[in-house]
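# Commentary on secondary and tertiary structure
Residue strings, one per chain:
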Amino acid sequence: MIVMKFGGTSVANFEAITRSIFIIGSKLNRTPVVVVSALSKVTDLLYRISDHASRKDAEEADRLLSELRIRHLSLIQELLGETSSLYDQAIVDVNRICDTLTEVVNAVCALGELSDRSKAVIISYGEYLSSTIICHAMNARGIRTKLVDARTMMISNSDYLKAEPDMKAIAVKVPEVISKACEGMDAVITQGFVASTMDGDPTVLGRGGSDYSASLIGMAMDAEAIEIWTDVDGVHTGDPRFVKGTRSLEKISFEEAAEMAHFGAKVLHPLTIEPAVKKNIPIYVLNSMNPSGKGTAILNNEMIEDGVKSVSFKENIQVINIFSTRMINTSGFLKNVFEIFSENKVSVDLISTSEANISVTVDASQDISGVVEQLSEFAEVIVDTDKSQVSVIGKNIVKLEGSIKRTFAPLKNCKIYMISQGASYVNISFVIDREVVMDVVQDLHNYLFYDESSN
Ligand code: ADP
Ligand code: ASP
Ligand code: MG
């Protein structure tokens, strides 16, 4: 059995879906469990709809809802045509899903109040629409496919918008539901991103969460491989949207991939690797627009060579500097500090400490007001904004001779606010001003991957 996840661009329109179904069709001997995202940009549209509804802007919410409906109905027209017997059923299904969504949005509009729970309901409709249409299109092309509602098996806690999966429940439910669905079928299809609490309350796994869904299903099913089909030829040495001259990596380790994703490489949701590692399941990142390309294999550590693999970065972070003379010779100070981060659900990336100071970096999207308030009760707190974090990632780079020199050699006059070497030996990170980050990342990438003198 293999899990095949298709991201938004791989299911964006008629051409992309046709290509993706062709790829699935070539792997039927391995019983694919297909996990799909919403069509490209649809989740963003649903966020906008929920935002307008929360402000009682019914007119704009309505306009966007009809845009959504029309896009999906036109797709059915293209994929199934009026002659197919599945056409009518697909139209009925999509209209029904859009009608239910409209009811939810109207209710939010009437109240002018949007809870996290209602938001999770609204933003999950993209995956319900795409999976329904693609299931019909697969059947129309002769692939006997069963649609499974992810909420019957992907169990999570009740952090509605960034829910944590319940690994134990998933390990039981997923095989139960999928095995039954596979009976007499060539393939099974389900929604990425969406989950549900044990009591049936709808949740989602956070932005980009379909990758995570795929690896959780892979883990639960003991899959032979997890394939992440996207719009690039695998994991690159840098973010190809911003860095010139990046190239695809043939293979990287689980640990390297996890660090890259965690430190800014959008190609994978940061938690994707964790479930695969548990069962040592290889992950392949592949390009649905170039299916014969090699892509990137993400494998067990032992199968990967030492050395620099990528330069990742987070463009917008904040640095929280905590000063306290009480820290000197006091046991438990760090524990108290990090308990505050944990209570406020703020996740920390880099940490560096000195005698009377702790500095930590936090993504700018996180609300740190509660943390700052609580820390200020016993320490002086200064927050630096408009900073970026750059990470050089590769197996054992911290141990390799000259790595530090190589990392900082091209930086010359750039001001560095904080340096951290990952405890895992995989990562050297530093913090700089946001206004210079693009130049720094490009220079560092050129130096590490193209300059002979860097070896
Ligand atoms: P999907 O919709 O398939 O999940 P995403 O947009 O989430 O696709 O992720 C793929 C994108 O990630 C690529 O188009 C690329 O621009 C971006 N990306 C960022 N960093 C990297 C990297 N190191 N390697 C490859 N792609 C990257
Ligand atoms: N559709 C969701 C998002 O855009 C999940 C995903 O694509 O992975 O965040
Ligand atoms: Mg993604």
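Preceding this paragraph is the structure being described.
Presented here is a report on the structure given in the accompanying data block. (Residues numbered from 1 in each chain as written. Chains lettered and ligands numbered in written order. Predicted model: local features only at pLDDT ≥ 70, side-chain atom pairs only at ≥ 80, totals over all residues. Heavy atoms only, no water.)

Our focus in this paragraph is the pairing of strand E6 (residues 194–197). A two-sided burial pattern is seen for E6, the buried positions comprising Val194 and Ser196 on one face and Ala195 and Thr197 on the other. For strand E4 (residues 155–156) and E6, the ladder comprises two bridges, and the chain directions are parallel. Bridge pairing in E6 places Ile155 opposite Ser196. Direction of pairing for E6 relative to strand E7 (residues 202–204): antiparallel, over a ladder of three bridges. Opposite Ser196, over in E7, you have Pro202 as the bridge partner. (Buried < 20%, exposed > 50% of the residue type's maximum accessible area, 1.4 Å probe, protein only. Helix = DSSP H or I, 4+ residues; strand = E, 2+ residues; numbered from the N terminus. Pairing = 2+ DSSP bridges.)

Contacts to ligand 2 come from Ser37, Thr43, Glu127, Phe193, Arg207, Gly208, Gly209 and Ser210. Measuring from a nitrogen atom of ligand 2, one finds a side-chain N or O atom of Thr43 at 2.7 Å. Gly208 places a polar main-chain atom, nitrogen or oxygen, 2.8 Å from an oxygen atom of ligand 2. The fraction of the free accessible surface of ligand 2 (260 Å²) that becomes covered by protein chains is 86%. Of the residues that constitute the shell around ligand 2, the class distribution is one nonpolar, five polar and two charged. (Near = heavy atom within 4 Å. Polar contact = N/O pair within 3.5 Å; in protein donor to acceptor, adjacent residues only side chain to side chain. Areas by Shrake-Rupley, 256 points an atom, 1.4 Å probe, with all protein chains shown as cover. Nonpolar A, V, L, I, M, F, W, Y, C, P; charged D, E, K, R; others polar.)

Taken together, 16 residues sit near ligand 1, with Lys5, Thr230, Asp231, His236 and Lys266 positioned nearest. Contacts to ligand 1 include Asp231, whose side-chain N or O atom sits 2.7 Å from an oxygen atom. Here ligand 1 has 580 Å² of accessible area as a free molecule, and 88% of this is covered by the chains. Of the residues in the shell around ligand 1, the class split is five nonpolar, six polar and five charged.

What follows is about unusual backbone geometry. Although it is not a glycine, Asn280 sits at a positive phi angle of roughly 55°. One can find Asn280 in the loop between helix H10 (273–279) and strand E10 (283–287). Of note in this structure, Asn396 is not a glycine but carries a positive phi near 60°. In this structure Asn396 comes out as buried when scored by relative accessible area, which is 18%.

What follows is about the state of the cysteines. Linking two cysteines covalently through their sulfur atoms gives a disulfide. Summed over the entire model, instances satisfying the criterion amount to zero disulfides. Free of any disulfide, Cys109 has its nearest cysteine sulfur in Cys98, 16 Å distant. By relative accessible area, Cys109 is classed as buried at 10%. (Disulfide = S-S within 2.5 Å.)

All right, on to the sheet that holds E7 then. Spatially, three strands are ordered E4-E6-E7 in an open sheet, and the strand pairing comes out mixed. In this open sheet, the two edge strands, each paired with only one partner strand, are E4 and E7.

Looking now at the pairing of strand E12 (residues 307–323). Across the 17 residues of E12, 14 count as buried, placing the element largely inside the fold. Two strands pair when backbone bridges link them, and E12 and strand E15 (residues 380–395) are joined in this way by 13 bridges, in the antiparallel orientation. Of the residues in E15, the one forming a bridge with Ser312 is Ser391.

Now for the nonpolar core. Residues Phe6, Leu46 and Met138 are the most contacted members of the largest nonpolar core, which totals 55 residues. Of all the elements, helix H4 (residues 85–111) adds the most residues to this core, at ten residues. With residues up to four places along the chain from it excluded, the contact list for Met138 reads Ile21, Ile24, Val34, Ile143, Thr145, Ala187 and Ile189. Membership of the second largest hydrophobic core comes to 52 residues, among which are Tyr128, Met219, Phe263 and Ile273. (Core = buried A, V, L, I, M, F, W, Y, C linked by side-chain atoms within 4.5 Å. Contact = heavy atoms within 4.5 Å.)

Interaxial distance between H4 and helix H5 (residues 116–123) falls to 10 Å at its minimum, and their mutual angle equals 150°. Compared by their axis directions, H4 and H5 come out roughly antiparallel. Here H4 runs over H5; the crossing is left-handed. Side by side, H4 and H5 meet where Leu101, Val104, Val105 and Val108 of the first sit next to Ser118, Val121 and Ile122 of the second. (Axes fitted to C-alpha atoms, helices over the stretch in contact; angles between N-to-C directions. Parallel < 35°, antiparallel > 145°, perpendicular 65-115°, else oblique. Left-handed = near helix turned anticlockwise from the far one by under 90°.)

Scanning all chains against the criterion turns up 22 salt bridges. Residues Asp186 and Arg144 are paired through a salt bridge, measuring 2.8 Å at the closest nitrogen-oxygen approach. Taken together, the residues Asp186 in the loop between helix H7 (167–182) and strand E5 (187–191) and Arg144 in the loop between helix H6 (125–140) and strand E3 (145–148) connect sequence positions 42 residues apart. Taking the shortest distance from any N to any O, the salt bridge between Glu250 and Lys294 comes out at 3.8 Å. You can see Glu250 sitting in the loop between strand E8 (225–230) and strand E9 (251–253) and its partner Lys294 sitting in the loop between E10 and strand E11 (296–299), a full 44 residues away along the chain. Given the relative accessible area of 66%, Lys294 is considered exposed. (Salt bridge = Lys/Arg side-chain N within 4 Å of Asp/Glu carboxyl O.)

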